[in-house]
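# Working through the structure, step by step
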Amino acid sequence: MSLATPAAAAPAAAPDPVLEAVNRRYQEGLAARDAGDFVTTAESFTAAYKDIPPRSREIRASVLFDLVDARRNAFAEGEGPGQICESERLLADYLVEVKALLGARADKVPDTRKARKLLAEVRKQIAALKVENPALDCAATTVERPAPEPEPATAPEP
């Protein structure tokens, strides 16, 4: 899938640099997903998602669903509950955004229904996690990667 807008019969307009950057980050995410690196996939999709304007609702929803899938796969691969918590935040924020954008019509949009269903699944996963770990607090759980450990200093050779 390419995030670029379809070509029209009208004269070619100058490419939108923001959408080009979004598409590039999305493609990087697809490559990472194909390599099985779901954290990098999620990071690339997150970078793309943040720059897609809300008025591009369909593209934004498509990237969001891929992003949530990547986060859930990262969690399944052992990357921690922050992945699921972030999925919940993203979906909840999306639903608020669509409601603000479309009002009552938001409930009739297929992407809204899909987001609600996905949010219910994610919340079910979180509830199961809280049974195992009652101290889990998604509000305080992030997906930030820790800073890499510094390389040990090597002594110069004589």
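It should be emphasised that the depicted structure is a prediction, and the values quoted were computed from it without experimental measurement. (Residues numbered from 1 in each chain as written. Predicted model: local features only at pLDDT ≥ 70, side-chain atom pairs only at ≥ 80, totals over all residues. Heavy atoms only, no water.)

### With respect to the overall build of the protein chain
Definition in use: Numbering goes from the N terminus for both helices and strands, where a helix is a DSSP run of H or I of at least four residues and a strand is a run of E of at least two. Relative accessible area decides the class of each residue, using a 1.4 Å probe on protein chains only: under 20% of the type maximum gives buried, over 50% gives exposed, and in between gives partly exposed. Under the convention used here, a 1.4 Å probe and the Shrake-Rupley method define accessible areas, while residue burial counts only the protein chains that appear.
Helix and strand counts for the protein chain come out as five helices and zero strands. Here the protein chain, with 158 residues, has 39% of them falling under the buried criterion. When the accessible surface of the protein chain is totalled, it reaches about 9,900 Å², and 56% of it is carbon and sulfur.

### So, the nonpolar core
Taken as a class, soluble globular proteins show a tendency for nonpolar side chains to be buried jointly. The criterion, for reference: Among buried residues, those of type Ala, Val, Leu, Ile, Met, Phe, Trp, Tyr and Cys that are joined through side-chain atoms within 4.5 Å constitute a nonpolar core. Contact definition: two residues touch when any of their heavy atoms are within 4.5 Å.
By size, the foremost hydrophobic cluster in this structure holds 33 residues, and its most contacted members are Phe-45, Tyr-49, Leu-64, Phe-65, Leu-91 and Tyr-94. For this core, the elements supplying multiple residues, two or more each, are helix H1 (17–34), helix H2 (38–51), helix H3 (57–76), helix H4 (82–102) and helix H5 (110–132). For this core, the leading source of residues is H4, giving eight residues. The residues touching Tyr-94, leaving out its near neighbours within four places in the chain, are Tyr-49, Arg-57, Ala-61, Leu-64, Asp-111 and Ala-115.

### Considering the state of the cysteines
A covalent bond between the sulfur atoms of two cysteines is what we call a disulfide. This is how it is decided: To count as a disulfide, a pair of cysteine sulfur atoms needs to be within 2.5 Å.
Applying the stated criterion across every chain, the model contains one disulfide. Here Cys-85 is linked by a disulfide to Cys-138, with a sulfur-sulfur distance of 2.0 Å. Between Cys-85 and Cys-138 the disulfide shows an S-S torsion of about -65 degrees. By sign, it is left-handed. With a gap of 53 residues between them, Cys-85 in helix H4 and Cys-138 in the segment after H5 connect regions that are remote in the sequence.

### What to know about the environment of Asp-37
Residue placement: Asp-37 occurs in the loop between H1 and H2. Taking the relative accessible area as the measure of exposure, Asp-37 reaches 31% and is therefore partly exposed. A sequence separation of 37 residues divides Asp-37 from Ala-74, and the C-alpha atoms of the two residues are 7.9 Å apart.

### Side note on the environment of Lys-130
Structurally, Lys-130 can be placed in helix H5. Judged by its relative accessible area of 39%, Lys-130 falls in the partly exposed class. Measuring from C-alpha to C-alpha, the distance between Lys-130 and Pro-81 comes to 10.0 Å, with 49 residues separating the pair along the chain.

### Looking at the environment of Val-68
For Val-68, the location among the structural elements is in helix H3. Val-68 sits in the buried class, given a relative accessible area of 0%. For the pair Val-68 and Ala-115, spaced 47 residues apart in the sequence, the C-alpha separation amounts to 9.9 Å. In contact with Val-68, other than residues within four places in its own chain, are Ser-87, Leu-91 and Leu-118.

### Some words on the confidence of the model for the protein chain
Which entries qualify depends on this criterion: As a per-residue quantity, pLDDT reports the predictor's confidence and falls between 0 and 100.
Here the protein chain averages 86 in pLDDT, and 83% of its residues register 70 or above. Per-residue pLDDT stays below 50 along residues 146–150; that stretch engages in zero contacts with residues further than four places along the chain or on separate chains.

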